[in-house]
Amino acid sequence: MNDFKQAVSRLLDNLRSQAVSGGAHCKFATGNTSGPAFQTICGLIQCTPDLSETDCKNCLQGATANIPQYLGEKIGGRFSTPSCNLRYENYSFFAEIPAAAPPATSDPDIVNAIVLCRGDVDLDTCRSCINDSTIKLPQLLPNYKGAIGWYDYCMLRYSDKSINGIEAFRPSHFRYTYVNASSVNDFNLALRSLLDGLRSQAASGGARRKFAMNNTAGPDFQTIYGLMQCTPGYVS
């Protein structure tokens, strides 16, 4: 675990330097590094753009200093404050933003929406989830022209800008279990193999359904379950 912590520390130090010098509009950095036992450690660091370089650096240093207290021996986690946040994992959780994206048009009289049900749910469950989300999300965010909600069985997103077929990486939402793996290296190897297979299946799923789910045997007689899904309209 000491080798892992040292690799995380080096990665976050490097990302902090990049984010701090990111300019007035984008104090953000992502990257990865090699960890012990053939692991790849991925990291993300960000400050709100209103911070000066000094304030951003101080905020991130404070967040980094809290890692031993709040994250301890965990192989992944995040620490957030109102002005900065950081995250690291032993798997990739971010993607590169395309160099050139289609222009996002806005029209006050047009609303664009995407609804997506989980690929394994039946029609009635899908309809019920969509009906509930179309009522609840505008009630939670009544004055917003755009919003996104993730639910157990479906996702709803709407905006006054063009969103169909345009890759979007933010906003994002992460959840993780509070239980640590007992055999970390074996668990990570099994998890990576599972996720690599699911990614290939989902990406090749055709224009209407990019979904995959499966399970694999993990260490200590565990079964690891995984699910991946993209909104339709993307190329593989």
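Conventions used here
Residues numbered from 1 in each chain as written. Predicted model: local features only at pLDDT ≥ 70, side-chain atom pairs only at ≥ 80, totals over all residues. Heavy atoms only, no water. Core = buried A, V, L, I, M, F, W, Y, C linked by side-chain atoms within 4.5 Å. Buried < 20%, exposed > 50% of the residue type's maximum accessible area, 1.4 Å probe, protein only. Helix = DSSP H or I, 4+ residues; strand = E, 2+ residues; numbered from the N terminus. Contact = heavy atoms within 4.5 Å. Disulfide = S-S within 2.5 Å.

Draft legend 1. Main features of the nonpolar core. With 24 residues, the main nonpolar core has Ile45, Leu60 and Leu86 as its most contacted residues. Elements with a minimum of two residues in this core: α1 (2-20), β2 (40-47), α2 (53-65) and β4 (84-89). Here the element with the most residues in this core is α1; it accounts for 8 residues. Those residues in contact with Leu60 that sit more than four places away from it in its chain are Arg16, Ala19, Val20, Ile45, Gln46, Cys47, Cys84, Asn85 and Leu86. Counting 8 residues, the second largest nonpolar core, distinct from the first, contains Phe187, Ala190, Leu198 and Ile224.

Draft legend 2. Looking closely at the side chain of Gln39. Residue position: Gln39 is located in the loop between β1 (27-34) and β2. With residues up to four places along the chain from it excluded, the contact list for Gln39 reads Phe4, Thr33, Ser34, Asn90, Asn185 and Asn188.

Draft legend 3. Geometry of unusual backbone geometry. Positive phi values are uncommon outside glycine, yet Ala37 reaches one of about 55°. By the secondary structure assignment, Ala37 is in the loop between β1 and β2. With a phi close to 65°, Phe38 is a non-glycine residue in the positive phi region. Relative to the helices and strands, Phe38 is located in the loop between β1 and β2.

Draft legend 4. Spotlight on the state of the cysteines. One pass over the structure, following the stated rule, counts 4 disulfides. One disulfide in the model links Cys59 with Cys84; its S-S distance is 2.1 Å. Residues Cys59 and Cys84 are joined through a disulfide that is left-handed, its torsion about the S-S bond being -85°. Of this pair, Cys59 sits in helix α2 while Cys84 sits in strand β4, and the two are 25 residues apart along the sequence. In this structure Cys59 comes out as buried when scored by relative accessible area, which is 18%. Taking the relative accessible area as the measure of exposure, Cys84 reaches 1% and is therefore buried. A disulfide bridge connects Cys117 with Cys126, and the sulfur atoms are separated by 1.9 Å. As the torsion about the S-S bond is roughly 85°, the Cys117-Cys126 disulfide counts as right-handed.

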